[in-house]
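An overview of the molecular structure
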Amino acid sequence: MEKKLNELKTRLEEVSNLNSATAVLGWDQATFMPPAGANSRGRQMATLASLSQEKFTDPAIGKLLDELQPYAEGLPYDSDDAALIRKTRSDYEKAVKVPPAWVAKFSTHSAVSYQAWTEARPANNFKAVEDKLKTTLDLSREYANFFPGYEHIADPLIDGPDPGMKASDIRRVFGELRAQLVPLVKTITEQAMADDSPLRAGYPEDEQLAFGMQVAKDYGFDFNRGRQDKSPHPFMTSFAIDDVRITTRVQEGDLSDALFSTLHETGHALYELGIDPALEGTPLAGGTSSGVHESQSRTWENIIGRSRGFWEHYYPKLQKQFPGQLSKVSLDSFYRAINKVSRSLIRTDADEVTYNLHVMLRFELELELLEGKLEVKDLPEAWHARYQADLGIHAPSDVDGVLQDVHWYGGAIGGEFQGYTLGNIMSALFYDAALKAHPDIPQQTGQGQFGTLHSWLKDNLYQHGSKFTPNELIERVTGGPLRIEPYIHYLKTKYGELYTL
Ligand code: ZN
């Protein structure tokens, strides 16, 4: 058995090395590569990706998994080897069900569709991408149908980013959340809006970067095991447990952009950096789902980074760094500015209270498209109608409507958005559990001390990598299923101090 297990690990490590090399190329493409390198880089990444796919779907892996199954069944459920065999089998079975011809077709189509979107968006021309989107929908349905027996056609598409999560469960949870959020947004936006003009007073790039890096260090980001660079769209990528990269972007006219992007990506990075080194080189050496990953970025960006306690500690430091811009702005005004709530058209600019309304309506639209209840040609109008109903606003064009997010134009329809809101819900669920174990976490935050929270998250979430599905993890950590109450409580407590609720 040991020989077979070692053979499996050796093969998986090769796949992991190829994937890491692809990630290095992708990181370079988004940060330092000169524009003319794009074509050759695309070919290099495609070669590595197909090599990785070939090695992972090798029937020898299937055979080893079969032979190791009795060994796995004799182990405790949470042992590393049992989890490795379980997770590898699940990934392997998914990978072999999708024909290479579909993968090639989808990847070619995505590249063409993405290119068309980059031109259609500035031209406000939905018609130019309508046919591409129809093909995307057809291909997304084809993908789902490689997994017959699903309960909802979106389930196989959701299962990739959020394993084990089902459309029916997400729909129910989102329905409960929307019922709470719509009146909350109404109550808040009827009151005087916070003034966030101090955030736009002009902040030199180097100083912004230095401040963000200092907080990332204080959070526990080890810069011997990672680094931060700049890119047009901030992201986190991991090459190894000891080499995790984040990026940010800086606008001198908006203090919050770089800072909160850095805190967000630091949250993703802490998750990857906290994985047990024993899992290195296996499919377990990564965050378990898009939702759990997002729960960590949102914890460090919002629950901690936009809290009053955090700024009681950091605001005097920020004022010292930017005296001309902030010496006359009180902590209270600053705190209100970074937590301003408004009904806006753009998801990525939305505040904590309205953000999930943007996400949930996209999720519902994906389901309706997949179910055949909504046709692609009617999507722009359906988009506007949902914004009107949920947020009470109407975009003047499709640029800030159905053309605003890249997801459907560069990926599938289905599974693209739920992770953001699942992450917000889980962030409060996990933080609530951390507070039960350590009620002094908020006091420590007020002193710029994050070690207790970081260690708790590492012990309870990060170290496990992908050993458990998101639902298993939630059950282990909170003793129950996914629920929205802690998140609603968090929002109402925080915004109840800022507004009259
Ligand atoms: Zn994120």
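First, a word on scope: everything that follows refers to the structure included in this document.

How each quantity is defined
- Residues numbered from 1 in each chain as written.
- Predicted model: local features only at pLDDT ≥ 70, side-chain atom pairs only at ≥ 80, totals over all residues.
- Heavy atoms only, no water.
- Salt bridge = Lys/Arg side-chain N within 4 Å of Asp/Glu carboxyl O.
- Buried < 20%, exposed > 50% of the residue type's maximum accessible area, 1.4 Å probe, protein only.
- Donors = N, O, S within 2.8 Å, 3.2 Å for Na, K, Ca; no water.
- Helix = DSSP H or I, 4+ residues; strand = E, 2+ residues; numbered from the N terminus.
- 1 Å grid on protein atoms, 1.4 Å probe; cavity = no way out; pocket = protein on both sides within 12 Å on 5 of 7 lines; lining within 4 Å.
- Points joined across faces, edges and corners; volume = space filled by probe spheres on them.
- Nonpolar A, V, L, I, M, F, W, Y, C, P; charged D, E, K, R; others polar.
- Pairing = 2+ DSSP bridges.
- Axes fitted to C-alpha atoms, helices over the stretch in contact; angles between N-to-C directions.
- Parallel < 35°, antiparallel > 145°, perpendicular 65-115°, else oblique.
- Left-handed = near helix turned anticlockwise from the far one by under 90°.
- Contact = heavy atoms within 4.5 Å.
- Core = buried A, V, L, I, M, F, W, Y, C linked by side-chain atoms within 4.5 Å.
- Domains from an automatic or database assignment.

Some thoughts on the pattern of salt bridges
- According to the stated counting rule, one finds 41 salt bridges in the structure shown.
- The residue Lys-377 makes a salt bridge to Asp-378 at a minimum N-O spacing of 3.4 Å.
- Since its relative accessible area comes to 46%, Lys-377 is described here as partly exposed.
- Accessibility expressed as a relative area gives 33% for Asp-378, which makes it partly exposed.
- Linked by salt bridges that have partners in common, Lys-127, Glu-130, Asp-131 and Lys-134 make up one network.

Examining the coordination of the zinc ion
- His-264 (NE2), His-268 (NE2) and Glu-294 (OE) make up the full set of protein donors to the zinc ion, lying at 2.1 to 2.4 Å.
- Each donor residue of the zinc ion belongs to the same chain, with the gaps between them written as H-x3-H-x25-E. Residue His-264 and its partner His-268 are located together in helix α10 (residues 255-273), separated by four residues, close to a single helical turn. Each member of the pair, His-264 together with His-268, is buried.

Brief notes about unusual backbone geometry
- Even without being glycine, Asn-124 reaches a positive phi, approximately 50 degrees.
- Within the secondary structure layout, Asn-124 lies in the loop between α5 (100-120) and α6 (127-144).

Thoughts on empty space enclosed by the protein
- Following the criterion strictly, the structure yields two cavities of 30 Å³ or more and no others.
- Estimated volume of the largest cavity: approximately 40 Å³.
- Around the largest cavity sit Gln-208, Phe-211, Gly-212, Leu-255, Ala-258, Leu-259, Leu-318 and Phe-322, which together line it.
- Here the residues of the lining of the largest cavity are counted per class, giving six nonpolar, two polar and no charged.

With respect to the pairing of strand β3 (residues 243-248)
- Within β3, five of the six residues are buried, which leaves the element mostly enclosed by the surrounding structure.
- Pairing geometry for strand β1 (residues 226-230) and β3, over five bridges, is parallel. Among the inter-strand pairings, Gly-226 is bridged to a residue of β3, identified as Val-244.
- Here strand β2 (residues 236-240) pairs with β3 via four bridges, running antiparallel. Looking across to β3, one finds that Thr-237 is bridged to Arg-245.
- Counted between consecutive antiparallel strands, the loop separating β2 from β3 contains two residues.

Some remarks on the packing of helix α11 (residues 290-304) against helix α20 (residues 451-460)
- At a minimum axis distance of 13 Å, the contact between α11 and α20 shows a crossing angle of 160 degrees. In this view, α11 runs roughly antiparallel relative to α20, as classed from their interaxial angle. Considering only the axes of α11 and α20, their crossing is right-handed. Of the residues in α20, those in contact with Gln-296, Trp-300 and Ile-304 of α11 are Leu-453, His-454 and Leu-457.
- Looking at side-chain class alone, the contact of α11 with α20 contains four nonpolar, two polar and no charged residues.

Observations concerning the nonpolar core
- Ranked by size, the top nonpolar core spans 122 residues in total, and within it Trp-311 and Phe-334 carry the most contacts.
- Here this core takes 11 residues from helix α15 (residues 352-371), the largest share from any one element.
- In this structure, this core is formed jointly by two domains, domain 1 (2-126) and domain 2 (167-498), each of which donates at least three residues.
- Non-local contacts of Trp-311, meaning those with residues more than four positions away in its chain, are made with Phe-211, Leu-259, Phe-260, Gly-305, Arg-306, Pro-316, Leu-318, Leu-331, Phe-334 and Ile-338.
- Within the second largest apolar cluster, 19 residues are counted, among which are Leu-5, Ile-61, Ile-85 and Tyr-92.

Remarks on the packing of helix α1 (residues 2-31) against helix α3 (residues 59-73)
- One can describe the packing of α1 onto α3 by two numbers: an axis separation of 10 Å at closest approach and a directional angle of 140 degrees. Considering their axes alone, α1 and α3 lie oblique with respect to each other. Considering only the axes of α1 and α3, their crossing is left-handed. Contacts between α1 and α3 pair Lys-4, Leu-5, Glu-7, Leu-8, Arg-11 and Leu-12 from the former with Ala-60, Ile-61, Leu-64, Leu-65, Glu-67, Leu-68 and Tyr-71 from the latter.
- Here the residues of the contact of α1 with α3 are counted per class, giving nine nonpolar, no polar and four charged.

None of the figures reported here should be taken as evidence of function without further support.
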